[in-house]
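Each chain is listed here by its residues.
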Amino acid sequence: MRREHFTLHVSNVDWVETDEEPRKPSVSIDFTGPASMLRERLTGSDDEVLDAGETDVALRLQEPLDEDAAGVVSVTNRITGDFILELNEEADDVLRFIRAARGYGEQANDDDGRYEVEIRLDDEPFVSYDKRTFLVYDDEGSLLRQHSLIPSGVEL
């Protein structure tokens, strides 16, 4: 699968800069490549679609963090460590999304996810996850805790 097969759309993040009521940030990832390949990656060994707890979302910077830094957003299978999907995004846009998720989490019930990820195949929703964690790594692979979304009580 190629990164160009994925398009990312973000919603509910503008409230962070306007002091509006917090809303759960959401990201929709549209896939335009061979659907069977992505379906296979999103399916566990039991032939069931992976649930939210079996996936991880991260941003890996491709250069030192500055205003124009680029990065790769990835969703991985937590059990196998295999990449499910990757796509290129501007680091500032992703960090803004994480700030919105952090702000929403401060206002929401602890049991709720801090943000939602929807993966779409053939213009149709395939899977949706409520997530609480979004890890950010620098260009050398070190975790940037201050930029990551890590729920309290989680030890990494």
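The structure displayed is predicted, hence computed values, not measured ones.

The rules behind the values
Residues numbered from 1 in each chain as written. Predicted model: local features only at pLDDT ≥ 70, side-chain atom pairs only at ≥ 80, totals over all residues. Heavy atoms only, no water. Helix = DSSP H or I, 4+ residues; strand = E, 2+ residues; numbered from the N terminus. Rg over C-alpha atoms; globule rule 2.2 N^0.38 Å. Buried < 20%, exposed > 50% of the residue type's maximum accessible area, 1.4 Å probe, protein only. Contact = heavy atoms within 4.5 Å. Core = buried A, V, L, I, M, F, W, Y, C linked by side-chain atoms within 4.5 Å.

Moving on, we get to the overall build of the protein. Across its full length, the protein holds three helices and eight strands. Listing every helix and strand of the protein by position from the N terminus yields β-α-β-α-β-β-β-α-β-β-β. For a compact globule of 156 residues, the expected C-alpha radius of gyration is about 15 Å, and the protein comes in at 15 Å, within 12% of that figure. Across its three principal axes, the protein shows a C-alpha extent of roughly 40 × 35 × 30 Å. In the protein, buried positions account for 40% of the 156 residues. Taking the contacts inside the protein whose residues are at least 6 apart along the sequence as the reference set, 52% of them involve residues at least 24 apart.

If you look at the biggest cluster of nonpolar residues, it comprises 37 residues, and the most contacted ones within it are L38, L59, L85, Y115 and F134. Where this core is concerned, the elements lending two or more residues are β2 (26-31), β3 (55-61), β4 (70-77), β5 (83-90), α3 (91-107), β6 (115-121) and β7 (124-131). Examining the composition of this core, we find that eight residues originate from one element, α3, more than from any other. Ignoring anything within four residues of it in the chain, the contact list for L59 reads G71, V72, V73, A91, V94, L95, F134, L135, V136 and Y137.

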